[in-house]
Amino acid sequence: MLQHAIFSHILWILKNPMSINPNFLIARKGSCVFIPCQIDEAHYSDKIKATTVVWYFEPHWDNISYDFTGHLLFDSSKSSEDHMALTSPNFWGRVRFVGDLSRSDCSLMITQLQASDSGKYGARVAASVGNHTWRQMLFDQATVDIQGKSWEELTLTLRGLEKHHLFPRNSTIEGGMLQINVSFVPTWEDDQKILTCLLSSKDGTQRSSSTLELDVKFAPKEVKIQQKPAGPIHEGSHVKLSCQVGPANPQKVNYTWYHNGDPLRLDHADEMLIISGAVLEHSGSYWCEVSNDWGSKRSPKIVLHVICE
C-alpha cells in the first residue's frame, strides 16, 4: 500500500491534475480578485472525484502533520459558523468560495483587497481516484500582487446599437477577467456598422476604447429589372434587361433569368440579359433571381411587348 501511494504521488508530480491558471494575478487595492482553480475529470484512466478543498494564505508544508498549513481562508468540510472562528481575522467577511467541487471547480474570490493581501494563495484538494479506497491530496498555488490605489468608479458604454433592443446584460468571470456581455438580434442594415466600447471615469474622461465592425451575412436585397429601351419594341430590335441588386453580404452573387416562369439556359448568366433581333416569341414576362450563400431574392416581373412590323 505504501509503495503504491508513493508511486501515485510521483504521478501527481509528473502530471498534476489540479491547476490554478493563471498562477500570477495582479489586482487593485479595494477591488476583488478571482483565483481560478480547476481539477481534471480524470487522471490517466482513473476518474477523479474531489471531496474537500482547503484554501490557505501563505501556505507551507508541515513535516510533522505531513500536510499543508497556513492562514486558513476556507475549508469546505466546515460549516459557515465554523469559518468565523477558523478563518484568519484579516480575511473575515472577504473570502468567498465561488467554485463547485461537483463540477471540478475549486475557485476562490477575495474582496475588498488590502495591500497586506499580497502573497501566495494555495488550495489543497482531497480527492478519490478511480476505485481506490485511499484519498489523494492535490495542491497548487498562485501569487497575488495588490497594487496602487483603490479602484475609481468607471463606466463601460457601448455605442452603435442605440436603435436595438438589447437583451439583459450579464457579467461573467473567465480566466480571471470580468466580462460584461450584451446580446441582440442584428438585421442586414447593421452590416458594416461600427460598435464602440468606451471606458470612462466618473467625470467623463475617456480611459480606453475599442471598436468593432459588424459583419452580418444576409441574402441579396432590393432586386429589380430595368429595360432599355423602355416600352414596346419592334421586331428585329435590340433590348437590354438589367438585373439590379442592392446590398448583399457576401457581395459575390449568382444570377438566374426567367421567361414566362421558365429559367433561361444561358452559357453565362450575369446581371445583363441582351436580346438581339427580337421576335414575337420574346414577348412575355421576365424576372431575375439573385442568390448568394445566405439566400436568394427575386425581382418583380416586367412584361416585354414585341410589336410585329
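This one's a predicted model, so the numbers in the text were calculated from it and none came from an experiment.

Novice: Break down a nonpolar patch on the surface for me, with residues and values.
Specialist: Residues Trp61, Tyr66 and Met137 make up a contiguous nonpolar surface patch of about 340 Å² in total accessible area. Residue position: methionine 137 is located in strand 11 (residues 135-147).

Novice: An account of the environment of valine 253 is requested, with residue identities and associated values reported.
Specialist: Looking at the element boundaries, valine 253 is found in the loop between strand 19 (239-244) and strand 20 (254-259). With a relative accessible area of 17%, valine 253 lands in the buried category. Not counting chain neighbours up to four residues away, the residues in contact with valine 253 comprise Pro220, Ala248, Val290, Ser291 and Asn292.

Novice: Go over the environment of leucine 214 with me, naming the residues and quoting the values.
Specialist: Structurally, leucine 214 can be placed in the loop between strand 16 (206-213) and strand 17 (224-228). The sequence separation of leucine 214 and isoleucine 194 amounts to 20 residues, and the corresponding C-alpha distance is 6.4 Å. Discounting residues that sit within four places of it in the chain, leucine 214 has contacts with Phe184, Asp190, Asp191, Gln192, Lys193 and Leu195.

Novice: So what's going on with unusual backbone geometry? Residues and values would help.
Specialist: Looking along the chain, the bond that leaves asparagine 21 and enters proline 22 is cis, with omega of 5°. Here proline 22 is to be found in the loop between strand 1 (18-20) and strand 2 (24-28). Note that the residue after asparagine 249, namely proline 250, is joined by a cis bond; omega there is 10°. Secondary-structure assignment places proline 250 in the loop between strand 19 and strand 20. Although it is not a glycine, tyrosine 66 sits at a positive phi angle of roughly 50°. Its location among the elements puts tyrosine 66 in the loop between strand 6 (46-62) and strand 7 (67-75).

Novice: Can you break down the nonpolar core residue by residue, with the values?
Specialist: Soluble globular proteins tend to bury their nonpolar side chains together. Ranked by internal contacts, the top residues of the largest apolar core, which has 29 residues, are Ile39, Trp55, Tyr121 and Val125. No other element matches strand 6, which puts five residues into this core. Sequence-distant contacts of isoleucine 39, defined by excluding residues within four places in its chain, comprise Pro17, Met18, Ile48, Ala50, Leu101, Ser104, Cys106, Val125 and Leu138. Among the nonpolar cores identified, the runner-up in size contains 21 residues, and Val223, Ile233, Leu241 and Leu273 belong to it.

Novice: Go over the packing of aromatic side chains with me, naming the residues and quoting the values.
Specialist: In the structure shown here, the tally under the stated rule is eight aromatic pairs. Judged by centre distance (4.9 Å) and plane angle (50°), the ring pair of phenylalanine 57 and tyrosine 121 falls under tilted. With phenylalanine 57 in strand 6 and tyrosine 121 in strand 10 (residues 119-129), the pair connects residues that are 64 residues apart, well separated along the chain. For tyrosine 121, a relative accessible area of 1% puts it in the buried group. Of the aromatic side chains, those joined through ring pairs into one cluster are Phe57, Phe91 and Tyr121. The ring of tyrosine 258 has arginine 298 lying over it, and the distance from NZ or CZ to the ring centre is 4.8 Å.

Rules behind the numbers
Residues numbered from 1 in each chain as written. Predicted model: local features only at pLDDT ≥ 70, side-chain atom pairs only at ≥ 80, totals over all residues. Heavy atoms only, no water. Patch = residues over 30% accessible without salt bridge, like charges linked within 9 Å, V, L, I, M, F, W, Y side chains within 5 Å. Areas by Shrake-Rupley, 256 points an atom, 1.4 Å probe, with all protein chains shown as cover. Salt bridge = Lys/Arg side-chain N within 4 Å of Asp/Glu carboxyl O. Helix = DSSP H or I, 4+ residues; strand = E, 2+ residues; numbered from the N terminus. Buried < 20%, exposed > 50% of the residue type's maximum accessible area, 1.4 Å probe, protein only. Contact = heavy atoms within 4.5 Å. Core = buried A, V, L, I, M, F, W, Y, C linked by side-chain atoms within 4.5 Å. Phe/Tyr/Trp six-rings, centres within 6.5 Å; stacked < 30°, edge-to-face > 60°. Lys NZ or Arg CZ within 6 Å of the ring centre and 35° of its normal.

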